[in-house]
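# Per-entry structural report
Next come the chains, spelled out residue by residue.
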Amino acid sequence: MENTQEGGRRQTATERRRRELLEAAERIVLRDGPDASMNAIAAEAGITKPILYRHFGDKGGLYRALAVRHTNALLDNLRTALDAPVLRRDRVEATLDAYLVAIETRPQVYRFLMHPSDEQGQGESGFDVGRHSAPLLRRLGEELAQVIADRLDLGPEGEERARVWGHGIVGMMHAAGDWWLRERPCSREKLVQHLTDLLWGQLATVKDRAGGPGF
């Protein structure tokens, strides 16, 4: 029994330390964006780089941990928008806006997750951003597909259509949001309106699932 309790305390301490290191990493990412280095993160956390490697392995491991952390937070916000007690079009707008707010309010974090640094730190290997960001986008696509499948009656090919729509919407949000964040051709509100108009073609005509929560 004591060994179990001691193991639980060690695990809790490790999880707490890992969370503290991720918070230190976020502060550096907010400052440096894609140029955030393991050296700077270790210094911010008050540890040596080998200790940071012990927790995350390399920059790719740290990237994945930060990606999970931010994807979880984004998904929580998207679910809140999807559950809002408003008309369907307003819910679609709120969901698109939740994604755009996330990248607008923390652009350096977004760039760290989606764009590699142009200059890699001396002696520090970079990471293939596409190899790491693609799973993040796929996870968002699958989560949205599940929401669509649960809420909309898409007929005999419903599961297939839900997955196509889920990944398609995430791809649209990502591509349009990335372009918008770089060029700022219009306000966020106007971008949300334009994207909702694009989606509204078929989405407005599909009926909710009987007995479901509604979309």
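Calculation criteria
Residues numbered from 1 in each chain as written. Predicted model: local features only at pLDDT ≥ 70, side-chain atom pairs only at ≥ 80, totals over all residues. Heavy atoms only, no water. Salt bridge = Lys/Arg side-chain N within 4 Å of Asp/Glu carboxyl O. Phe/Tyr/Trp six-rings, centres within 6.5 Å; stacked < 30°, edge-to-face > 60°. Helix = DSSP H or I, 4+ residues; strand = E, 2+ residues; numbered from the N terminus. Buried < 20%, exposed > 50% of the residue type's maximum accessible area, 1.4 Å probe, protein only. Lys NZ or Arg CZ within 6 Å of the ring centre and 35° of its normal.

## Structural notes on the pattern of salt bridges
Taken as a whole and judged by the stated rule, the model has 18 salt bridges. The salt bridge involving Arg188 is made with Glu189; its shortest N-O contact spans 3.8 Å.

## Things to note about the packing of aromatic side chains
One pass over the structure, following the stated rule, counts 1 aromatic pair. Ring centres of Tyr63 and Phe112 lie 5.9 Å apart, and the angle between their planes is 40 degrees; on these two criteria the pair is classed as tilted. Remark: Phe112 occurs in helix 6 (residues 107–114) and Tyr63 occurs in helix 4 (residues 59–82); sequence separation between them is 49 residues. According to the relative accessible area criterion, Phe112 is buried, its value standing at 1%. A cation over a ring is seen here: Arg89 above Trp200, with NZ or CZ 5.8 Å from the ring centre. Against the face of Trp180 rests Arg184, its NZ or CZ located 4.5 Å from the ring centre.

## Looking at unusual backbone geometry
One non-glycine residue, Arg184, lies in the positive phi region at around 45 degrees. Following the sequence through the fold, Arg184 ends up in the loop between helix 8 (158–183) and helix 9 (188–203). The class for Arg184 is partly exposed, based on a relative accessible area of 41%.

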